[in-house]
Amino acid sequence: MEVLGTKIDPRSEEYQENRAAMEAKLAEFEALMEQARQGGGEKYIQRHRDRGKLLARERIELLIDQDSPFLELSTLAAWGTDKRLGANVVTGIGVVEGVECAILAHDPTSQAGSMNRYSVAKTLRIMDIARENRLPLINLVESGGADLPDQAEVFIVGGKWFRNLTQLSKMGIPTVAIVFGSSTAGGAYFPALCDYAVMVKERAKVFLGGPPLVKMATGEESTDEELGGAEMHSKVSGLSDYFAQDEHEAIRMGRDIVSHFNWRKQGYGPTKDPDEPIHDVDDLLGVIPTDLRVPFDMREILGRTVDGSRFEEYKTVYGTSILTGWASIHGFQIGVVANQQGVIFSEEANKATEFIQLCNRHDTPIIFIHNTTGYMVGKDYEQRGIIKDGAKMVNAVANSEVPHITLMAGVSYGAGNYGMSGRSYDPRFVFGYPTHKVAVMGPKQLAGVMSIIARQGAEARGEEFDEKADEARRTAIEAQIEEEEQAYFSTARVRDDGLIDPRDTRHVLGIALSAAHSGPVEGTDRFGVFRM
Amino acid sequence: MAISKILVANRGEIARRVFRTCREMEIATVAVYSDPDVGEPHALEADEAVRLPGATPGETYLNAKAVIDAAIATEADAIHPGYGFLSENADFARMVAEAGLTWIGPPPDAIEVMGSKIASKQLMSEADVPTLPSIELAGLSARKSAAMSIGYPILVKASAGGGGKGMRIVKDPDDLLNAIEAAKREAAGAFGDDTLFLEKYLSAARHIEIQVFADTHGNVVSLFERECSIQRRHQKIIEESPSVALDDRSRKEMGKTAIVAAKAVDYVGAGTVEFLFQDGSFFFLEMNTRLQVEHPVTEMVTGLDLVRLQIEVAQGSPLPPEALSPEMRGHAIEARLYAEDPLNEFLPVTGTMHRFAFSDQTDGLRVDSGIENGSEVSVHYDPMLAKVIASGSTRQEAIGRLATALRGAHIHGPKTNRDLLVRVVESEQFADGETDTHFLDRHDIEKLAAPLLNEEEERLAAIAAALADQAERRRLSNVLGTIPSGWRNSGSQPQRSSYTGPQGEHDIRYTMSGNLTAIDGQQDFDLISCTPHEVEFTVDEIHYHFEVARYGQIRFVDSDLGSTRLDLQSRFPKASTDEAVGSLHAPMPGKVIRVDVMEGDIVKAGQVLLVLEAMKMEHAIKAPLAGRITEINCQAEDQVEADLVLVVVSEE
C-alpha cells in the first residue's frame, strides 16, 4: 500500500505562522480543560476531600484498569454559559477489567453534582454512546438532583434517562450504579434502574423524599439512614446489591461486577498492523491554516494518524475535492471520506456515495473529516443536478450502517455538514479540533445574504435602503455567527463528543473505533432510492 | 580394580558435584533420593536414581542398609558418601566393604579414631602434633582444678560433638559448673554421648585447615591450607585459600604436621586436618575424614579435581604427579549461600526457589548448587543452597568477583544470607585479612546483614518494578493495547503502584506521556527503556539497570547494586471495619435461648457461647478463637436482628 509522503516544510513562514496560531489556540484550550478538571474549584474540592471522599476523576482513575487509556468526552460542556464548565458531570470511555465501558461520574464538588440542561445533554449522550456501541454503562453516582432553577430545560428532556437505563438493560447492555453519596428523588432511580447497585456505607443516601419532605407530606419523623441509607437498602429494601465499607471497596466491587459479565465484543476487531505513522504527529500543528478559507491537504492529517502512514486512495484523480480511501488506525480497518478543497461538486458527491456503499459492503467503519463550505451553487451546477447528487450522498450517509466517526477539522457549512455525517446523522462519535467552525454558512456570507434580502425587500416596497443601518446590522450578525460557529459554542451544547488536540487524533479515533467494535460492525446494501 | 558405577549416598550440591566428575571419567552414576527430594536436580542428573522412602534423614540418607541395598540393586560397585550423613560413619564404611563394594573414603579405623575428639587429641599429642591443653572430665571434684590447670577462658566441648552443639565458652570460674551441665545435656541429646572435655579457649584464633591426600602406596601430600575463620554459630560461611596469615615457612610447617597426623592413622584418601591458629602458633583441632564442603577453593588454586583423586585412590592407583608435587596459583574464596535469616538468629527459612541463577559473565566463578529454578527449599535438610566460589590472580580480584557474582545473582525465593556474605567480603577488615572465628560476633549483625540496597536504592528498585509492571499490564491488555500507557485526552493523573520492601513502603506515582516519563518526587529522572522484565533509567545522570521478575504479588528486582524483594500492594486496600475482631453476629433473626458465658470469661476456640433459635432450629454460636469475652449484647429470651453483634471474643 502507498505510504503517504509529506509536503510540510517546518521552516516555511506559512508553517511557522500556522503553528504559532495553533499553539496559542491550544494553550487557550488547555487552560479551559484545566478549568473543567477543577470541577467546583479549590474550596469545594477541599471540603469534599475533608469528608474523606474521592473526586469524580479519582473515582474513575481507580475504576479503570491501571495504565489503561481513558477518553473523556464533552469536557467543555456548558462553556460560555452561566453553568459551571463541564456541567457537573464527567463522562468517558475506559477499560474496566479488560472491558471497554461507558462511564458517567457526577462531580459533587461542582454545584453538588446537580443536573442542568447541559448535564442532562451529557448524560443522555453517554447513554446513547453506550447503546449504539454496546458498551456497559457504569454510573458513579453522587448528585444533588435536578438544578431546580433550570427545571424547565431539565424535567421533560431529562426523563429520558430513566427510559434509557432500562432499555440498555433490555438490550443486554449491563448497567451498574455505584452510589457514593446523595442520589435522591429522580436520582434515586439511578440504582433502581441499573442491573447492579453498589452502595457505600454511611455515604449513599437513596430516597424519593428526604426527612423534611416526608415530614411535610405525612408528618412522619425519620432519619436519612432509615429512609435511604446504604445499610438499610442492603439489608432491608434490597435496592442495594453490594454493601461497601468505603469508596475503595465500592469501586473494587464495581470492577468485580464487570469482570463477571463474561463480556465478548461483537465487532471483528483490529485486523491490521497497528504500527505508528512514519511522520511526526507534532507537525500537525503547522498543517491547519489560521485562515480556514485556505484549504489544506487532508493527506497531511492522515499521514500522521493512520497506521504506518499507509493509505490506499480510491479515485485519486476523479472528484479531487473529496479524498476517499482505505487505511487503518490502531489496527482497525477504516474508510476515509475527507474534504480536500472545501466545495463539494457533483463528481465529489457521486464519488463519496459510491465509496460509502463500498464501505458498507466490506463492513468497514468510515471516518469523515470535515473541511467543507458546502455543495456548489450556481446555474451550471444546479442544471447539472448538484441537488440530486448531494441528495445521493446524504441518502448514502443517512442509511449507511457501518459505524461513522466524524472529525471536525476545518469548517463545516451548509448541507456539506449533513453529507459528511454531521452530528444530526448520528455518527457514533463526533470530535473536533478547537479551531473548527460549524454553521449553516460563514458569518460574512450569512450577513451578506441577509443584507441582499433586506435590500431587495426595501426595493420591492419602494423604500430607501438605509446603508448605515445595514452596515450596523451586518456587523452585528457577523459577530453573532462568529460566536456561534466556533468550536466551543457547539461543544458547550454537547453537539460533539469533545474537542481534541490535533496531536491526539490517532488515539482518540483508535479508542472510538475500538468502542464501535464492541457491537457488531456490519454494513448494509439497503439505501433509499437514489435519484439518477 | 576399576570402578564403573558409583552410588552417591548424599543429596544436593555434593551429589551433583560427584556426578560431574563421574561423567568426566565415564563412570555411571546412581542417586538416592528421599520423598521430599523427588524431582530435585541431584536425583534427575544421575543415570539411575533409587528412592529411599521417607523424609527424615534417619529413614533415608542416614539409612545405611537402604543405601547399600540401593547400590546392590543397581549393581553399583562403589559408594561415595559426600560429606555429612554417613560420610564419617565407620560402621557404614565397614558395611560397604562387607557388601563387596568399594568405599570411596578413608579406612574405617581412621574414621573411628578421628571421630573421637578426645582419642584423636591423645593420638596427636603422642605424634608430636601440637594440641591445645585440654583435660577429659572425670569426677566432679576434678573439674575446678582441671580448669585451673588449663587457665581461663575455657571451652567446654563434647567429645562426639560438631556444629557447635555441646559447646560452651567459660570466662568466669563461677560459670563453669552450669556450662558443664548445659553442655552435657546438649551433647547427650544430640550425639547420645555426654562425654565432655575442657580445652583452652583461644579468643582471637583463625581457623586454618590443611587438605591432605593419601594413597594406598604410602604417598601422603598436603594440598595447602584453607582459612575458614568466618563462621556463624560455629559453622563456616566463607572459606579461602591461601590464608593471608601464613607465609611459606608456616605453610610448610603446618603441611608437614598435617601429613604426620594423617600418617598416624594410616590415612587413605581425602582428609582435612583442622587447626586453630593464633599469634604464629597452631594447634590441632580435629581431622575430618571426608571431602570437605569447602574443597572447591583447593581445587581452584591447585587445578586438581579432588573427587577424581578420591576415585583414583579408591581404585588403588597412586596419586598422579600433579598431586604429588602440587602448586598453588592465585586465590580462591568460597561463600556458602544459605536459605536463612541472619537477622533472626540465622534461622533457616523455606519456600519455593522460583529462580536461581548467576551471571555467566563473571570470570573465575564456580557455583556448586543443589537447586535449580523451581526447587523447593524444605525443612528436612540443611538449608545450604549453593557454594559460590570465585578465583583470581590476587585475593582482591577474587573478592571482587565473588561480591559481584553474589550481588548480581538472581535468587528469587526464600530469604538468604546473600547480603551478609557480600557485606562481609567487602568489609575493610576482611580486605585487610583481619579474620578470626569471632568476626561476626565483633560486628553488629544488624548492620552486617542489612539489605544491600539502602532506602533510596530500594525506592529506585520500586520505580523499576512499577514501570515494569506497567509494561506487563499493557502487554497483557486485550483491548486498546496499542494506545500509549495511561493515555488521557484530558490531562494525565499519575498512576500509582505501592510496594513494600525490607526498607519500608514505596509509593510510586508515575506519569507516562509521549516519550516522557515522570516519577513524582524524583528529580532528573530519564527513562531509557522499559519492558516487562527490564528497566533502564538515569537519575542525575547516573545510569541504572534493573531486572524485574514477578511471582503473584511478589517482585524480585535485581541489579548490580544488589537485589530486593518487593511486595505489590493492592490498589484497593481492605476496608477497615471499626468492628472488633472476634465479633459474632446473629446469622439470622431469632430468639436467644440461653447465654452460656459472662463478660470476662476465658473461652476456648469452638466453645459454645450462646444458642439462638430461629426458624425452629437451634444455632449454637461458638467462639472463633481462644480468648476472653469482652462484650455481650444480648440475654436469654431476647429477640435479635440478623447481623447484630451478639458477643465479642478478644484474643488474650
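Just above sits the structure.
What counts and how
- Residues numbered from 1 in each chain as written.
- Chains lettered and ligands numbered in written order.
- Predicted model: local features only at pLDDT ≥ 70, side-chain atom pairs only at ≥ 80, totals over all residues.
- Heavy atoms only, no water.
- Helix = DSSP H or I, 4+ residues; strand = E, 2+ residues; numbered from the N terminus.
- Buried < 20%, exposed > 50% of the residue type's maximum accessible area, 1.4 Å probe, protein only.
- Contact = heavy atoms within 4.5 Å.
- Areas by Shrake-Rupley, 256 points an atom, 1.4 Å probe, with all protein chains shown as cover.
- Lys, Arg positive; Asp, Glu negative; His and termini not counted.
- Charge placed at Lys NZ, Arg CZ, Asp CG, Glu CD.
- Buried area = accessible area lost by both parts, 1.4 Å probe.
- Salt bridge = Lys/Arg side-chain N within 4 Å of Asp/Glu carboxyl O.
- Polar contact = N/O pair within 3.5 Å; in protein donor to acceptor, adjacent residues only side chain to side chain.
- Nonpolar A, V, L, I, M, F, W, Y, C, P; charged D, E, K, R; others polar.
- Core = buried A, V, L, I, M, F, W, Y, C linked by side-chain atoms within 4.5 Å.
- Patch = residues over 30% accessible without salt bridge, like charges linked within 9 Å, V, L, I, M, F, W, Y side chains within 5 Å.
- Pairing = 2+ DSSP bridges.
- Axes fitted to C-alpha atoms, helices over the stretch in contact; angles between N-to-C directions.
- Disulfide = S-S within 2.5 Å.

**Observations concerning the overall build of chain B**
- Looking only at helices and strands, chain B has 18 helices and 39 strands in total.
- With the C-alpha coordinates of chain B rotated into their principal frame, the extents come out at 90 × 70 × 55 Å.
- In chain B, which comprises 652 residues, the share counted as buried stands at 54%.
- Relative to all contacts within chain B whose residues are 6 or more apart in sequence, the contacts with residues 24 or more apart total 63%.
- When the accessible area of chain B is evaluated, it comes to approximately 27,900 Å², of which 49% is carbon and sulfur surface.
- Positive and negative side-chain charges of chain B, numbering 63 and 101 respectively, have mean locations separated by a distance of 1 Å.

**Topic: the interface of chain A and chain B**
- Contact with chain A, which involves 37 residues of that partner, is made by 29 residues of chain B.
- Approximately 2,900 Å² of surface area, both sides summed, lies buried where chain A meets chain B, with 53% of it carried by carbon and sulfur atoms.
- Of all residues in chain A, Glu61, Gln66 and Asp67 of chain A give up the largest surface area on contact with chain B, accounting jointly for 27% of the area buried on that side.
- Taken together, the links from chain A to chain B amount to 2 salt bridges.
- Close ionic contact of Arg473 of chain B with Asp67 of chain A constitutes a salt bridge, the shortest N to O distance being 2.6 Å.
- Here chain A is connected to chain B by 17 residue pairs in polar contact (both at pLDDT 80 or more).
- Counting residues per element, the ones that place at least two in the side of chain A that touches chain B are helix 1 (13-37), helix 3 (56-63), strand 1 (70-73), helix 11 (247-259) and helix 20 (505-516) of chain A.
- Per-class residue counts for the side of chain A that touches chain B are 11 nonpolar, 10 polar and 16 charged.

**Notes on the nonpolar core**
All names here are of chain A.
- Judged by nonpolar contacts, the single largest core of 91 residues is most densely connected at Leu76, Ile369 and Phe431.
- The leading source of residues in this core is helix 1, at 7 residues.
- Not counting residues up to four positions away in its chain, the partners in contact with Phe431 are Leu71, Leu73, Ile405, Thr406, Leu407, Met408, Asp497, Gly498, Ile500, Val508 and Ala512.

**Topic: the pattern of salt bridges**
- Tallying each qualifying case throughout the model produces 85 salt bridges over all chains.
- Glu247 of chain A serves as the salt-bridge partner of Arg59 of chain A, at 2.9 Å between the closest nitrogen and oxygen. With Arg59 of chain A in helix 3 and Glu247 of chain A in helix 11, this residue pair connects regions lying 188 residues apart in the sequence. You'll find Arg59 of chain A and Glu247 of chain A in the same group, each marked buried.
- One network of salt bridges, with partners in common, ties together Glu209, Arg226, Lys236, Glu239, Glu274, Glu294 and Arg336 of chain B.

**Some details on a negative patch on the surface**
Residue and element names in this part refer to chain B.
- Together, Asp524, Asp526, Asp540 and Glu541 make up a region of like negative charge exposed at the surface.
- Looking at the secondary structure, you find Asp524 in the loop between strand 26 (516-519) and strand 27 (525-530).
- With relative accessibility at 53%, the residue Asp524 sits in the exposed group.

**Quick look at the sheet that holds strand 6 (residues 134-136) of chain B**
Residue and element names in this part refer to chain B.
- The antiparallel open sheet is built from 4 strands, whose spatial order is 6-9-7-8. In this open sheet, the two strands that pair with only one neighbour each are strand 6 and strand 8 (168-170). On average, each strand axis in the sheet is inclined to that of its neighbour by 20 degrees, with strand direction left out of account.
- Note that strand 6 and strand 9 (residues 196-200) share 3 bridges and pair antiparallel. Looking at strand 9, one finds that Ile135 is bridged to Leu198.

**Description of the state of the cysteines**
Residues and elements named next belong to chain A.
- Counted according to the given criterion, the structure contains 0 disulfides over all chains.
- Between Cys194, a cysteine without a disulfide, and Cys101, which holds the nearest cysteine sulfur, the sulfur-to-sulfur distance is 12 Å.
- A relative accessible area of 8% means that Cys194 is categorised as buried.

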